[in-house]
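# Structure assessment
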Amino acid sequence: MTNQTVGDISEGALLERIFPRLEPRTPIVGPGDDAAVIAAPDKRTVISIDTLVQDQDFRLSWSSGYGSTGFDVGWKSAAQNLSDINAMGATPTSLVVSLTLPASTPVAWVEDLADGLSAAIRRLGATGCSIVGGDLGRGNEIVVTAAVTGDLEGRNPVLRSGASVGELIAVGGNLGYAAAGLAILEDSRSEAALPASLRSLTQSQSRPWPPLKLGPAASAAGATAMMDISDGLVRDGQRLATASGVALDYNGGALGNFADKLCEAANHLGINAMDWVLGGGEDHGLLACFPRGATLPEGFAAIGSVAEGSGVTMDGSPLEQSGWDHFQR
């Protein structure tokens, strides 16, 4: 059958279609048993878990006419989980995935999702990471939950709570690109009618590219605090500030450099590009603090300084709360 759905075949048959696409490399015991066995060279394991829910974290059909592919969703699931390990200064080692699928889900879409998971791990540079197992279940909507482990390789984890007054604040990776892509996907005008330069931004939302080399590099360079920017520079900055008992003061000119790169899309949609820079998080860049005078690793840009007090400001003025909250819109 060429148009099979997951309701047309058994769980075992679906797993047989998925397993060859996962490219297992590192486990001692991988998919097929009740649990995987993985090596833990550092004797400390970093672990994180994240979930993508249909119509909450992705849509199969967008207002622009774009349809999310299984590859998109698989890639995004891998990317956001790998980014959390990166933000601790660790290196990803294994991934397990739980899929909840309606019976009407095309088998080909699920195969495409498995391909997206594997491709993201490979292309994002998580060469020591492998998909080692997971679970399948039936439900009313597609839900993808992935848990990832990481190895510190002898380094100390970089926490959110280590920032001190006077330190530099820096960002590794992009700001605002995924938010711009989301705005394009949600725009009622056809994506196909957009200039190619703007259509490419949708990939930043559908297939983000976290800078996985920068987490360990920041740790080696002496980063005192760090976190993944998943919910926006303001909201996540507030979290880091609270954990460290300090204030973060962003430099408007430095952030303006990020906004300038998004002017064409902002003008097209009638949106202030700075809103994307401050409130968009799904590029999965890194927000980090470094001792003043430290040499920032290549790929980081200074955006401000740590100050006394609490909260997040820009050039000394308080910033309105923005960014993603799972229970508020």
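Further up the page is the structure itself.
Below or above, wherever it landed, is the structure these notes cover. These numbers were taken from a predicted model, which means no experiment stands behind them.

## What to know about the sheet that holds strand 4 (residues 143-151)
Strand pairing in a sheet is mediated by backbone hydrogen bonds. Such pairs are either parallel or antiparallel. In space, the four strands of this open sheet follow the order 1-4-2-3, with mixed pairing throughout. Looking at strand neighbours, the two that pair on one side only are strand 1 (45-53) and strand 3 (130-138), the edges of this open sheet. For this sheet, the mean inter-axis angle between neighbouring strands, taken without regard to orientation, is 15°. The strands touched by helix 2 (residues 70-86) are strand 1, strand 2 (91-101) and strand 4; relative to strand 1, the strand with the most contacts, the crossing angle is about 145°. Of the strands in this sheet, strand 2, strand 3 and strand 4 touch helix 3 (residues 107-123), which is tilted by about 165° from strand 2.

## What about the packing of aromatic side chains?
Taken as a whole and assessed by the stated rule, the structure comprises three aromatic pairs. Measuring from ring centre to ring centre gives 5.4 Å for Phe 290 and Phe 300, while their planes differ by 75°; the resulting arrangement is edge-to-face. Within this pair, whereas Phe 290 is found in strand 8 (residues 286-290), its partner Phe 300 is found in strand 9 (residues 300-307), the two being separated by 10 residues in sequence. For the residue pair Phe 290 and Phe 300, the accessibility class agrees, reading buried in each case.

## What to know about the pairing of strand 4
The side chains of a regular strand alternate, first on one face of the sheet and then on the other. A large share of strand 4 lies buried, amounting to nine of its nine residues. Judged by which residues are buried, strand 4 turns out to be covered on both faces: Val 143, Thr 145, Ala 147, Thr 149 and Asp 151 on one side and Val 144, Ala 146, Val 148 and Gly 150 on the other are all buried. The sheet contact formed by strand 1 and strand 4 spans nine bridges and is antiparallel. Bridge assignment links Val 53 to a residue of strand 4, and that residue is Val 143. Pairing between strand 2 and strand 4: nine bridges, direction antiparallel. Directly across from Leu 95, in strand 4, lies its bridge partner Val 148.

## Let's talk about the pattern of salt bridges
Under the counting rule described, the total for this entry stands at seven salt bridges. Put simply, Glu 282 and Lys 76 hold a salt bridge, and the shortest N to O gap is 3.3 Å. Taken together, the residues Glu 282 in the loop between helix 11 (273-279) and strand 8 and Lys 76 in helix 2 connect sequence positions 206 residues apart. Taking relative accessible area as the criterion, Glu 282 reaches 22% and is therefore assigned partly exposed. Salt-bridge contacts for Arg 239 lead to Asp 236; the nearest nitrogen and oxygen are separated by 2.6 Å. Separated by three residues within a single helix, Arg 239 and Asp 236 lie in helix 8 (residues 233-244), roughly one turn from each other.

Calculation rules
All residue numbers refer to position in the chain's written sequence, counted from 1. Where totals are concerned, whole chains, interfaces and linings use all residues; where local detail is concerned, this predicted model gives features only for residues with pLDDT of at least 70, and gives and counts side-chain atom pairs only at 80 or more. Side-chain figures throughout are based on the complete set of non-hydrogen atoms in the structure, without hydrogens or water. Note on pairing: DSSP must find at least two bridges between two strands before they are called paired. The numbering of helices and of strands both runs from the N terminus, where a helix is a DSSP run of H or I of at least 4 residues and a strand a run of E of at least 2. Think of each axis as a best-fit line through the C-alpha atoms, taken over the contacting stretch in the case of a helix, with angles from 0 to 180 degrees between the N-to-C directions. The criterion used for residue contact is that any of the two residues' heavy atoms lie within 4.5 Å. Between the rings of Phe, Tyr and Trp (Trp by its six-membered ring), a pair exists once the centres lie within 6.5 Å; its type follows the angle of the planes, with under 30 degrees stacked, over 60 edge-to-face, and the other angles tilted. Any residue under 20% of the maximum accessible area for its type is buried, any over 50% is exposed, and the rest in between are partly exposed; the area is computed with a 1.4 Å probe on protein chains only. The term salt bridge refers to a side-chain nitrogen of Lys or Arg lying within 4 Å of a carboxyl oxygen of Asp or Glu.

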